[in-house]
Amino acid sequence: MSLVIATVKRDFILAARNPGEWANPLMFFLMVAALFPLAVDPDPTFLSKIAGGVIWVAALLATLLSLDSLYRADVEDGSLEQCLASGESMYAMVLGKALVHWCISGLPLTLVSPLLGLMLHLPDEAYIAMVLSLAVGTPILSLLGSVGAALTASLSSGGLLLTLLILPLYIPVLIFAASAVYHAGIGMAYNGQIAMLGAMLALAIALTPFAAAAALKLNLSR
Amino acid sequence: MWQWLKQLYHRMGSPKWFYEITERWIPWLAIVAGVTAVVGLVLGLLYAPADYQQGDSFRIIYIHVPAAILAQSAYMMMAVAGAVYLIWRMKMAAWVAKVIAPIGASFCLIALLTGAIWGKPTWGTWWVWDARLTSMLMLLFLYFGVMAIQQAMESEDGSYKAAAILALVGVVNIPIIKYSVEWWNTLHQPATLTLTEKPSMHPDMLWPLLIMLVSTYVLFALLVILRTRNEILWHERKRSWVKKMMES
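In this report, the structure presented in the accompanying data block is examined. (Residues numbered from 1 in each chain as written. Chains lettered and ligands numbered in written order. Predicted model: local features only at pLDDT ≥ 70, side-chain atom pairs only at ≥ 80, totals over all residues. Heavy atoms only, no water.)

**A short note on the pattern of salt bridges**
Residues and elements named next belong to chain A.
Then, in step 1: Applying the stated criterion to the full structure yields 11 salt bridges over all chains.
Then, in step 2: Linking Arg10 and Asp11 is a salt bridge whose minimum nitrogen-to-oxygen distance equals 3.2 Å.
Then, in step 3: Owing to a relative accessible area of 30%, Arg10 belongs among the partly exposed residues under this scheme.
Then, in step 4: Exposure remark for Asp11: the relative accessible area of 8% places this residue in the buried category.
Then, in step 5: Among the salt bridges present, the one from Asp11 reaches Lys97, with a minimum N-O distance of 3.1 Å. Residue Asp11 is located in helix H1 (residues 2-17), and its partner Lys97 is located in helix H6 (residues 90-119); the two are separated by 86 residues in the primary sequence.
Then, in step 6: Through salt bridges with shared partners, a single network forms among Arg10, Asp11, Asp74 and Lys97. (Salt bridge = Lys/Arg side-chain N within 4 Å of Asp/Glu carboxyl O. Buried < 20%, exposed > 50% of the residue type's maximum accessible area, 1.4 Å probe, protein only. Helix = DSSP H or I, 4+ residues; strand = E, 2+ residues; numbered from the N terminus.)

**A few points about the nonpolar core**
Then, in step 1: Counting 106 residues, the largest nonpolar core has Tyr71 and Leu151 of chain A together with Met78, Met136, Leu139 and Ile149 of chain B as its most contacted members.
Then, in step 2: With 13 residues, helix H7 (residues 127-151) of chain A is the single largest residue contributor to this core.
Then, in step 3: In terms of nonpolar packing, the next biggest core, distinct from the first, is built from 20 residues, Ile26, Val84, Tyr160 and Trp241 of chain B among them. (Core = buried A, V, L, I, M, F, W, Y, C linked by side-chain atoms within 4.5 Å.)

**Considerations on the packing of aromatic side chains**
Residues and elements named next belong to chain B.
Then, in step 1: Scanning the model with the defined rule gives 8 aromatic pairs over all chains in all.
Then, in step 2: Consider the rings of Phe58 and Tyr62, whose centres lie 6.0 Å apart with planes at 65°: the pair is edge-to-face. A single burial state applies to Phe58 and to Tyr62, both of which are buried.
Then, in step 3: With a centroid separation of 5.4 Å and an interplanar angle of 75°, the aromatic rings of Tyr75 and Tyr143 are classed as edge-to-face. Here the residue Tyr75 occupies a position in helix H3 (residues 61-88), and Tyr143 occupies one in helix H5 (residues 131-152), the gap between them amounting to 68 residues. In this structure, Tyr75 and Tyr143 share a single accessibility class: buried.
Then, in step 4: Over the ring of Tyr19 we find Arg229; its NZ or CZ atom is 4.0 Å from the centre of that ring.
Then, in step 5: Over the aromatic face of Trp234 sits the side chain of Arg237, whose NZ or CZ is 3.9 Å from the ring centroid. (Phe/Tyr/Trp six-rings, centres within 6.5 Å; stacked < 30°, edge-to-face > 60°. Lys NZ or Arg CZ within 6 Å of the ring centre and 35° of its normal.)

**Notes on the interface of chain B and chain A**
Then, in step 1: Taken together, the 18 residues of chain B in the interface contact 16 residues of chain A.
Then, in step 2: In total, chain B and chain A occlude about 1700 Å² of area from one another, counting both sides; carbon and sulfur atoms represent 86% of this.
Then, in step 3: It is Met138, Ile165 and Val169 of chain B in chain B that bury the most area against chain A; as a group they hold 28% of the surface buried on that side.
Then, in step 4: Where chain B meets chain A, there are 0 salt bridges.
Then, in step 5: Our count for the contact surface shared by chain B and chain A stands at 0 residue pairs in polar contact (both at pLDDT 80 or more).
Then, in step 6: Those elements that provide at least two residues to the side of chain B that touches chain A are H5 and helix H6 (156-170) of chain B. (Contact = heavy atoms within 4.5 Å. Buried area = accessible area lost by both parts, 1.4 Å probe. Polar contact = N/O pair within 3.5 Å; in protein donor to acceptor, adjacent residues only side chain to side chain.)

**Observations concerning the packing of helix H9 (residues 191-218) of chain A against H6 of chain B**
Then, in step 1: Put simply, H9 of chain A and H6 of chain B touch, their axes get as near as 10 Å, and they point 170° apart. Compared by their axis directions, H9 of chain A and H6 of chain B come out roughly antiparallel. Judged by residue contacts, Ala211, Ala214, Ala215 and Leu218 of chain A of H9 of chain A engage Gly158, Lys161, Ala162, Ile165 and Val169 of chain B from H6 of chain B.
Then, in step 2: Here the residues of the contact of H9 of chain A with H6 of chain B sort into 7 nonpolar, 1 polar and 1 charged. (Axes fitted to C-alpha atoms, helices over the stretch in contact; angles between N-to-C directions. Parallel < 35°, antiparallel > 145°, perpendicular 65-115°, else oblique. Nonpolar A, V, L, I, M, F, W, Y, C, P; charged D, E, K, R; others polar.)

In structure tokens, the structure reads:
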């Protein structure tokens, strides 16, 4: 357990001393969402229809962007080797890393998303659904992404490959989350979709750390 | 029975035994696959009655459904073989998982393409963002991901393990595809074949489909065996039994 606390603490300190780590995905999130009105159509009625989907796609891409560095530094400076050699539970460590990753990527995205909603004319009824779906959905993205990041940590060109591996697994999250926001916007019930996201999150917390821990060991057996 | 299965499993772990035993299977598998394909296609394309709604365009079902079923079961086989490698470090399992990936991806692509060709006359469009179509597309992407990580890893052992982990994580998609037509009210028709219920098709239409299904599975087995034999020869090329065989 002490390993987990130490890892979490260290990762928070690293993020605080290197603001780019959490600020860049946030900037990316805002900029990508700004591209859609420019490229497709700035008409408010049209934008209010696609706003939920655009915000979710932007959040998904921003998360992917920040995943590449999740384990890379740990593999390169040998601290991962020390963690594995310590005999402590890798499951808990992976969970801790994913938690920190969510706190510096998913959580800020969730908090600034109402601003984007305003810019994209999101219907007033959809704000709560959007924030709720991001709050439940982005931890799933961090957890699934940690498997991909662990698999590609020791590859020199891991970034693009990581995207290829993880995007298909993100599609179900995207479908349910975007449909929750859309249904809220047209005044329908959306608790079913949020419940599905919650079920996915529970499953992801229980299972993905096993896969990520197994994948991390691959980086050492070279 | 259990003992025999266990023995077979342990023997399968020996590349030499696998290579020698499949030598005798190949002609039979090829004959069965060829004959059933000819019989199934002739019955399906010429003798089965036309559908009262879709006319003759429904006949593509004899390619589409077997390919789609196989694309999913091939993924499961790849994941199981990968798990066997992760747990028992059986090299044969890793080679089988490796050769299944491109074959499964091909069947998945065939299912998507024939589905598009079938969709044009019946739905009036090549592609819709329907739950089953989207989840089949996801399956294709998962196959591509497994193939991409196999290529990217430097060490051979690492590439097998990474592909196995990714394949196992991707298994969540299989029930989504399977039940997508039941959970969501979509354009794609419900499953044609179910193990538990009486088939909804006329027997004259059903038999060719079952024959084609057998044919596709046998073809798949044949392709996997042929490619696995290549892997065996390549990896065991420095062993004495391969050298002896090559000299004679």
